[in-house]
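Residue-level structural notes
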Amino acid sequence: MRGSEVRSTCESSITCIDVHVGVVLVQSFEGTPPPEFRPVFGLTLALLNFCRDFGTAKFLQEDSSNWTPLAGTLGYIAPEFAYTMRVTENCDVYSFGFLTLKIIKWKHPGELVGHLISSTAGARELKDLLDQRLSHPSQEIEKILMVRSIATFVSFRRPAEWKTQKSVLVWFLCNFFIGNYENGGACASADEAAALFNWKTSFQTQNTSLLTSWNLKPMNPKNASGLPQQCTWFGITCINGSTNRLNLTNASVKGTLYNFPFSSLPNLEYLDLSCNELFGTMPPQIGNLSKLIYLNLSANQFSQEIPPEIGHLTNLLVLHLRENQLNGSIPASLGNLKNLSYLSLYNNSLSGVIPPEIGNISKLLYLRMSINNLSGPIPPEIGKLASLQSLGLSKTNLTGSIPKALGNLTNLTILYLFGNKLSGSIPRELGNLKSIMTMELQKNQLTGSIPTSFGNLSKLKTLFLNHNRLTGSIPQELGKLTKLVVMAMDHNQSQET
């Protein structure tokens, strides 16, 4: 692109700068840049497409011969090209910087170049940097000086330091949005803010009042307390300047997780997106959140399968995926979550059998899979969950008998198995559930008699055995249940004594 072509689109020096920064943005992303960068510089998509042809070296194959006779205008071509006759992307980067200087000054940089590269150079006034025919904007001086810094930095540093135009963009973001290229932590925070903002721009509901704070602010993204800008946004909590908690529960968010920055939030431990209108699939990249200890995506509209990569989240303590439209089988990889305490999958459309690997989650306290389209028996491996306090497997189309191993769950207080197709007798081992307070086995196909061992359930308050095929009399031992409040035995073949 010739400088005059860029110049013809400009009405002021700031627009010129915005256009030229747009050039490197487009070039860095090899096409249209992500949406978060468009409003920052006030560029229209059409203008960006107009500027996209800057530079040619990016089209060259790395393993091919890129040698060429010297061609170009002296002063504009990169020194390493003039010396070696080898075309690389460094040449484009150098030319970008040089062209930026010419756009700002609107003539060959000449003496200005010599001044800028001089080790004894002092500060130059703004009038020395701009085309004298343009009015000088009073409120945009810092932006002009920043872009001039980019131009000089990429034009006069050692060429080997710039491998791609994207490296220029990284330097620009760290300086323009953070203010310190050498500060690695600050640069990482800029990446987090930009990535989160990019996700926000994909929402179908852009006007939600709770997310008005989610905006990138140039030059100084820190608030009065010195926090990186995303740390001041609604729902975000940071530790040491990095995003640690993201809580957007009930925030009226309508969108997907396809642009969620799974790889840009290395210190995220808490993620709560429940009670929104999120839809689509759960991307497998969710497994990249390696430090996550709390994940709540419940009460949304997620569909298709739970990605097996969720088993990579080995630090997870809480996993809530209830009340979505998830289908397919429950991934066996959930058995890798050895630290998990709460697992909630109820009210979905999950199918297949309950994987026996669930029995490997030895620290599990709460397991709910009710209201799904599961099949097969209750795996006896659940009996290994010695810490389990609440087990909900109701209305899931389960078949087979109730495993005797459930009697090992001596810490269990709630047992929901109603609304299935369970058959066979009630195992007397359930009388070992010394902590049980609620037991609901109704609406199955259970046969045989009520175990006399139920008389040992001294803490039992609710017992539902109705709508089965039980026979025999109600055992007198149930009279010892002094805390029993509600008991239903109707629609069976039992006879009261």
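Reading the values: rules and limits
- Residues numbered from 1 in each chain as written.
- Predicted model: local features only at pLDDT ≥ 70, side-chain atom pairs only at ≥ 80, totals over all residues.
- Heavy atoms only, no water.
- Helix = DSSP H or I, 4+ residues; strand = E, 2+ residues; numbered from the N terminus.
- Buried < 20%, exposed > 50% of the residue type's maximum accessible area, 1.4 Å probe, protein only.
- Contact = heavy atoms within 4.5 Å.
- Areas by Shrake-Rupley, 256 points an atom, 1.4 Å probe, with all protein chains shown as cover.
- Pairing = 2+ DSSP bridges.
- Phe/Tyr/Trp six-rings, centres within 6.5 Å; stacked < 30°, edge-to-face > 60°.
- Lys NZ or Arg CZ within 6 Å of the ring centre and 35° of its normal.
- Axes fitted to C-alpha atoms, helices over the stretch in contact; angles between N-to-C directions.
- pLDDT = per-residue confidence, 0-100.
- Patch = residues over 30% accessible without salt bridge, like charges linked within 9 Å, V, L, I, M, F, W, Y side chains within 5 Å.
- Salt bridge = Lys/Arg side-chain N within 4 Å of Asp/Glu carboxyl O.
- Lys, Arg positive; Asp, Glu negative; His and termini not counted.
- Charge placed at Lys NZ, Arg CZ, Asp CG, Glu CD.

On to the overall build of the protein chain. In terms of helices and strands, the protein chain carries 10 helices and 23 strands. Expressed as a percentage of the 497 residues in the protein chain, the buried residues total 51%. For the protein chain, restricting intrachain contacts to residue pairs at least 6 apart in sequence, the fraction spanning at least 24 positions comes to 52%. Accessible surface for the protein chain amounts to roughly 22200 Å². Of this, 49% is attributable to carbon and sulfur atoms.

Attention now goes to the side chain of Ser333. Of note, Ser333 is situated in the loop between strand 9 (325–329) and strand 10 (342–344). The class of Ser333 is buried, set by a relative accessible area of 16%. Excluding anything up to four places from it in sequence, Ser333 contacts Pro308 and Gly311.

For the rest of this paragraph, the subject is unusual backbone geometry. Working note: non-glycine residues mostly have negative phi, and peptide bonds are mostly trans. At Asn240, a residue that is not glycine, the phi angle is positive and equals roughly 55°. Tracing the backbone shows Asn240 in the loop between strand 1 (236–239) and strand 2 (242–247). Note on Asn240: relative accessible area 80%, which makes it exposed. Backbone geometry at Asn250 places phi at a positive 55°, although glycine is not the residue there. By relative accessible area, Asn250 is classed as exposed at 55%.

Next up on the list: the sheet that holds strand 5 (residues 277–280). Hydrogen bonding along the main chain pairs the strands of a sheet, whether they run parallel or antiparallel. Spatial ordering of the open sheet is given by 3-5-7-9-11-13, a layout of six strands whose pairing is parallel. Edge positions in the sheet fall to strand 3 (254–255) and strand 13 (373–374), since each has one partner strand and no second. Sheet topology note: the strand 3/strand 5 ladder contains two bridges and is parallel. Along strand 5, the bridge assignment pairs Lys254 with Glu277.

This brings us to the packing of aromatic side chains. Under the definition given, this model contains eight aromatic pairs. Here Phe260 and Phe262 contribute two aromatic rings whose centre-to-centre distance is 4.8 Å and whose plane-to-plane angle is 50°, an arrangement assigned as tilted. Note on accessibility: Phe260 and Phe262 belong to one class, buried. Pairing Tyr342 with Tyr366 gives two aromatic rings, centres 5.7 Å apart and planes at 40°, and the pair type is tilted. Here Tyr366 lies in strand 12 (residues 366–368) and Tyr342 lies in strand 10, a separation of 24 residues in the sequence. Ring pairing ties together the aromatic residues Trp199, Phe203, Trp214, Trp233, Phe260 and Phe262, which thus form one cluster. Taking the ring centre of Tyr270 as reference, the NZ or CZ of Arg245 above it sits at 3.8 Å.

In space, the 12 strands of this open sheet follow the order 1-2-4-6-8-10-12-14-16-18-20-22, with mixed pairing throughout. Each of the sheet's edge strands pairs with one partner strand only, and the pair in question is strand 1 and strand 22 (486–488). When the angles between neighbouring strand axes are averaged without regard to direction, this sheet yields 10°. Alignment of strand 1 against strand 2, held across four bridges, turns out to be antiparallel.

To continue, consider the pairing of strand 2. Between strand 1 and the antiparallel strand that follows it, strand 2, lie two residues; Asn240 among them carries a positive phi value of about 55°. Sheet analysis places strand 2 next to strand 4 (residues 270–272), joined by three bridges and oriented parallel. Across the sheet, the residue bridging to Asn247 is Asp272, located in strand 4.

Turning our eyes to something else, we now look at the confidence of the model for the protein chain. Low pLDDT means the predicted coordinates in that region are not meant to be read closely. Taken residue by residue, the protein chain gives an average pLDDT of 76. The fraction at 70 or more is 59%. When the criterion is pLDDT under 50, residues 1–60 qualifies, and its contacts beyond four places in sequence or with other chains add up to 115 contacts. Below a pLDDT of 50 lies the segment residues 176–184, which in the model reaches 24 contacts outside its immediate sequence neighbourhood of four places, other chains included.

Among the secondary structure elements, Gly400 is positioned in strand 15 (residues 399–400). The exposure class assigned to Gly400 is partly exposed, which follows from its relative accessible area of 27%. Measuring from C-alpha to C-alpha, the distance between Gly400 and Leu422 comes to 5.2 Å, with 22 residues separating the pair along the chain. Leaving out residues up to four positions away in the same chain, Gly400 has contacts with Lys421, Leu422 and Ser423.

Bringing a positive patch on the surface into the picture now. Where like charges cluster on the molecular surface, the positive patch consists of Lys434, Lys459, Lys461 and Lys483. As for its position among the elements, Lys434 is in the loop between strand 17 (421–425) and strand 18 (438–440). Classification of Lys434 by relative accessible area gives exposed; the value is 53%.

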